[in-house]
Amino acid sequence: MMKVRKAVIPAAGLGTRMLPATKTVPKEMLPLVDKPVIQYIIEEAVDAGIEDILIVTNRAKSAMDDYFDYYPELETRLKQAGKDRELFETRRAADLANIFYVRQKETKGLGHAIWRAKRFVGDEPFAVLLGDDIMRAKKPVIGQLIEAAERHNASAVGVQYVPTDTISKYSSVKVEPLEDRVFSVSDMNEKPSPTQMLSNYAILGRYVLQPQIFDILEHMKPGYGGEIQLTDGLRVLCQQSNMVAVDFEGKRYDTGNLRGFLEATIDFSLDHPYTGKWLARFLKEKARSL
Ligand code: UTP
């Protein structure tokens, strides 16, 4: 199989679960400690060896391309003030990867957003990282998927076991064990009820896809919620060619909803050298008075 060299980050959703904050600030630009959410995702892809990244955006998200650009006026000021760390971090964000953008002109669903990457990707396998799903892991989660996909000459979806009463928030996959933490996938369904679910393994925001997905998505009819669903496309893909599910090591946060965002904020702040010790003390004091 060809090496996975490119990644696509769909970030064109409306972010209705985080309103009113996301009315003018894209949810991918909300700060987690001192960096916007999208930067963690780009860093994960870069840590896994990816250099070319396409972000699927829309007309309300131009703050994202500004963020990954240089800002000479600010940089000169930081230099004059001797703020070396701030200067370094500001530049580093702009130099992380070769970042490209395409707009999804109508919000027609995740499957449609991915289809917009067809020209960028061409005829090779590629990684997909959802713009609001953040992973905290020793080894980049997308790297874990890329390894399995390359080893099995397959597409790959990142999964974790979720309790039956929450499976209806995700897509469930029908799986057969293949090797440690890796399964083969033969079917899947979107937001199943507990009686419809195919297993407790849910897809969580990371994929490696073969380029055949574009032809499949192009002919896909709107599904759940009237949107072109990626899951419907993946269902066809896994029946046409090999697909594996990787029970990845790491914790996933859905920063697109308030609780997930707060959990991520607390965990990443506890890890951060500037805020970790202070926050741990603060939380302990708080907990005593609750
Ligand atoms: P979500 O299910 O989180 O939807 O999309 P959303 O619209 O972003 O947020 P809510 O539900 O209104 O709060 C999952 C992923 O698919 C992308 C989103 O940006 C997110 O990364 N997406 C979704 C698109 O790029 N385009 C779409 O039309 C829909």
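Please read all numbers here as calculations on a predicted model, not as lab measurements.

Looking only at helices and strands, the chain has 11 helices and 13 strands in total. A compact globule built from 290 residues should have a C-alpha radius of gyration of about 19 Å, and the chain, at 20 Å, falls within 12% of that. In terms of overall dimensions, the chain has C-alpha extents of about 60 × 50 × 35 Å along its principal axes. Out of the 290 residues in the chain, the part that is buried amounts to 49%. Here the contacts in the chain between residues at least 6 apart in sequence split such that 77% fall between residues at least 24 apart. Taken as a whole, the chain presents about 15,100 Å² of accessible surface, with 51% of it coming from carbon and sulfur. One way to put it: in the chain the 40 positive side-chain charges average out to a point 4 Å from where the 40 negative ones average out.

Our next topic: the site of the ligand. Of all residues adjacent to the ligand, which total 18 residues, the nearest are Thr16, Arg17, Lys27, Gln104 and Gly109. In this structure, an oxygen atom belonging to the ligand sits 3.4 Å away from a main-chain N or O atom of lysine 108. Each residue belonging to the shell around the ligand can be placed in one class, and the counts come to 6 nonpolar, 7 polar and 5 charged.

The next thing to look at is the packing of helix H3 (residues 72-80) against helix H4 (residues 84-94). In contact at an axis separation of 8 Å, H3 and H4 are set at 155° when each is read in the N-to-C sense. With respect to each other, H3 and H4 are oriented roughly antiparallel. Seen from above, H3 lies across H4 with left-handed handedness. On H4, the residues that touch Leu74, Glu75, Leu78 and Lys79 of H3 are Glu86, Leu87, Thr90 and Arg91. Partitioned by chemical class, the residues of the contact of H3 with H4 number 3 nonpolar, 1 polar and 4 charged.

For the rest of this paragraph, the subject is the packing of aromatic side chains. Tallied over the full model, the rule gives 8 aromatic pairs. With a centroid separation of 4.8 Å and an interplanar angle of 45°, the aromatic rings of phenylalanine 183 and tyrosine 201 are classed as tilted. Placement of phenylalanine 183 in strand E10 (residues 182-190) and of tyrosine 201 in strand E11 (residues 201-209) is noted, with a sequence separation of 18 residues between them. Chaining the aromatic ring pairs together yields one cluster made of Tyr40, Tyr253 and Phe268. One residue, lysine 6, lies across the ring of phenylalanine 120, its end atom 5.3 Å from the ring centre.

Reading guide: rules and limits
- Residues numbered from 1 in each chain as written.
- Predicted model: local features only at pLDDT ≥ 70, side-chain atom pairs only at ≥ 80, totals over all residues.
- Heavy atoms only, no water.
- Helix = DSSP H or I, 4+ residues; strand = E, 2+ residues; numbered from the N terminus.
- Rg over C-alpha atoms; globule rule 2.2 N^0.38 Å.
- Buried < 20%, exposed > 50% of the residue type's maximum accessible area, 1.4 Å probe, protein only.
- Contact = heavy atoms within 4.5 Å.
- Areas by Shrake-Rupley, 256 points an atom, 1.4 Å probe, with all protein chains shown as cover.
- Lys, Arg positive; Asp, Glu negative; His and termini not counted.
- Charge placed at Lys NZ, Arg CZ, Asp CG, Glu CD.
- Near = heavy atom within 4 Å.
- Polar contact = N/O pair within 3.5 Å; in protein donor to acceptor, adjacent residues only side chain to side chain.
- Nonpolar A, V, L, I, M, F, W, Y, C, P; charged D, E, K, R; others polar.
- Axes fitted to C-alpha atoms, helices over the stretch in contact; angles between N-to-C directions.
- Parallel < 35°, antiparallel > 145°, perpendicular 65-115°, else oblique.
- Left-handed = near helix turned anticlockwise from the far one by under 90°.
- Phe/Tyr/Trp six-rings, centres within 6.5 Å; stacked < 30°, edge-to-face > 60°.
- Lys NZ or Arg CZ within 6 Å of the ring centre and 35° of its normal.

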